[in-house]
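Report on the structure
So you can see what is in the structure, the chains are spelled out below.
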Amino acid sequence: MNPYVLTVLLSSLGLGTTLTFASSHWVLAWMGLEVNTLAILPLMAQHHHPRAVEATTKYFLTQATAAAMILFASTTNAWLIGEWDINNLSHPLATTMAIAALALKIGLAPVHFWLPEVLQGLDLLTGLILSTWQKLAPFALIVQLAPAIDPVLLTTLGLASALVGGWGGLNQTQLRKILAYSSIAHMGWMVIVLQYAPQLTLLALGTYIFMTSAAFLTLKLSSATKISTLTMAWSKSPIMVTTTALVLLSLGGLPPLTGFMPKWLILQELAKQGLPLTATIMALAALLSLYFYLRLCYAMTLTMYPNTVNSIAPWRTRSTQLALPLALTTTIALGLLPLTPGILLMVS
């Protein structure tokens, strides 16, 4: 892609998200979401592969549907209440429609079906943008709407997403689909605690972005898209495979890695709020997700590809392009747990 075009598109992505962050009026927030969607579409379709074009079309249709629902919800609220302000969305019909539309935007269950299919058709770097940056603007609106939303609805969305994200990834062999289901499960963790402690939602979102970035950048560096491709990684780059396995375990929420911190704090908050059953179901759903992360770790570190290689390390030209972002995100994804008290002070 032409670097000037790429610069314009990435700037538009930043502009759209910033516009939604800064807006207090529904129409301005909607415009930010639209700019965001339109900026990523050329990035998704840049390879002119039929699968990429199909993924782009699916993404456009779902995002357009969600945007129309948001506009309809805000117009309904303005008609019934007389307010366009985001914080004054108080009519039950309008709030329910808005949260349904925003759930569709970020891929919460039960409106998650588009996300694995779209992510499977994309390049890994575009998939990274879709899994991280594209979640920020809708999530900002969900956080602002949280006080007006029925708590039962948010809890249902959170539990459904955690369970679907766990079950859906069990049978997958494609890495991008596994990461899509991982994204759905993490979104469930963020949504379920939103009504009780929004700062924990933002903490979980931040750690999710760093861990997912580390996973995507590693896969991009090793050009892996299937589990079977991962089996060849150990002989090429043992150190990278070791750190990747740890990043995957961090995504699964194992101590003493960064991913344990948000899950631990969210379960603690749910127990404090008198919801032991919800906390138990979320912990069991995390075990489902942990299974497929362990499956990836097993494929990477404990299996070898069934072929005979005469040389110990095959000749290859090394790309240093992604090394710095990968090192940075991996370090954050692995080592933040000891800093939990300080991070809690910062976010509370």
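Nothing here was measured: the structure is a model prediction, and the numbers come from that model. (Residues numbered from 1 in each chain as written. Predicted model: local features only at pLDDT ≥ 70, side-chain atom pairs only at ≥ 80, totals over all residues. Heavy atoms only, no water.)

What follows covers the packing of helix H13 (residues 238-252) against helix H15 (residues 276-301). How two helices pack is summed up by the angle between their axes together with the distance between the axes. Running from N to C, H13 and H15 point in directions that differ by 175 degrees, and their axes come no closer than 8 Å. The angle between H13 and H15 places the two elements in the roughly antiparallel class. Contact residues: Val241, Thr244, Ala245, Leu248, Leu249, Leu251 and Gly252 in H13; Ala286, Leu290, Tyr293, Leu294, Leu296, Cys297, Met300 and Thr301 in H15. Residues belonging to the contact of H13 with H15 are distributed by class as follows: 12 nonpolar, 3 polar and no charged. (Axes fitted to C-alpha atoms, helices over the stretch in contact; angles between N-to-C directions. Helix = DSSP H or I, 4+ residues; strand = E, 2+ residues; numbered from the N terminus. Parallel < 35°, antiparallel > 145°, perpendicular 65-115°, else oblique. Contact = heavy atoms within 4.5 Å. Nonpolar A, V, L, I, M, F, W, Y, C, P; charged D, E, K, R; others polar.)

Turning next to helix H10 (residues 198-222). Between its first and last C-alpha, H10 extends 36 Å over 25 residues, near the 36 Å set by a 1.5 Å rise per residue. Taken from the residues just after H10, Ser223 is the one with a positive phi, measuring 55 degrees. (Expected span 1.5 Å × (residues − 1).)

A few words on the UniProt feature "domain: NADH:quinone oxidoreductase/Mrp antiporter transmembrane" (unreviewed entry) in the chain. When the UniProt feature table is mapped onto this chain, "domain: NADH:quinone oxidoreductase/Mrp antiporter transmembrane" (unreviewed entry) is found at residues 23-288. Helix makes up 76% of residues 23-288 and strand 0%. Its end C-alpha atoms lie 38 Å apart. (UniProt positions renumbered as here; feature names shortened; annotations may be inferred.)

What follows deals with the side chain of Ser289. Checked against the element boundaries, Ser289 lands in helix H15. Take Ser289: its relative accessible area is 8%, and that puts it in the buried class. Among residues more than four places away in sequence, those in contact with Ser289 are Gly165, Gly166 and Ala185. (Buried < 20%, exposed > 50% of the residue type's maximum accessible area, 1.4 Å probe, protein only.)

This part takes up the packing of aromatic side chains. For the structure on display, the rule yields 3 aromatic pairs. Note on Tyr59 and Trp114: the rings are 5.7 Å apart at their centroids and 55 degrees apart in plane angle, and the pair reads as tilted. Residue Tyr59 is found in helix H3 (residues 50-80), and its partner Trp114 is found in helix H5 (residues 114-120); the two are separated by 55 residues along the sequence. Judged by its relative accessible area of 2%, Tyr59 falls in the buried class. Classification of Trp114 as buried rests on a relative accessible area of 8%. Both rings, one in Phe260 and one in Trp264, keep their centres 5.8 Å apart while their planes meet at 5 degrees; by these two values the pair is stacked. Residue Phe260 and its partner Trp264 are located together in helix H14 (residues 260-272), separated by 4 residues, close to a single helical turn. Residue Phe260 is classed as partly exposed on the basis of its relative accessible area, which comes to 24%. (Phe/Tyr/Trp six-rings, centres within 6.5 Å; stacked < 30°, edge-to-face > 60°.)

Applying the stated rule across the entire model yields 3 salt bridges. Here Lys58 ties to Glu54 by a salt bridge, and the two come within 2.8 Å at their closest N and O atoms. Of the two residues, Lys58 and Glu54 are both situated in helix H3; the distance of 4 residues between them amounts to about one turn of the helix. For Lys58, a relative accessible area of 31% gives the class partly exposed. Judged by its relative accessible area of 42%, Glu54 is partly exposed. Here Lys220 and Asp123 are joined by a salt bridge, their closest N and O atoms 3.3 Å apart. Note that Lys220 is positioned in helix H10 and Asp123 in the loop between H5 and helix H6 (124-131), a separation of 97 residues in sequence. (Salt bridge = Lys/Arg side-chain N within 4 Å of Asp/Glu carboxyl O.)

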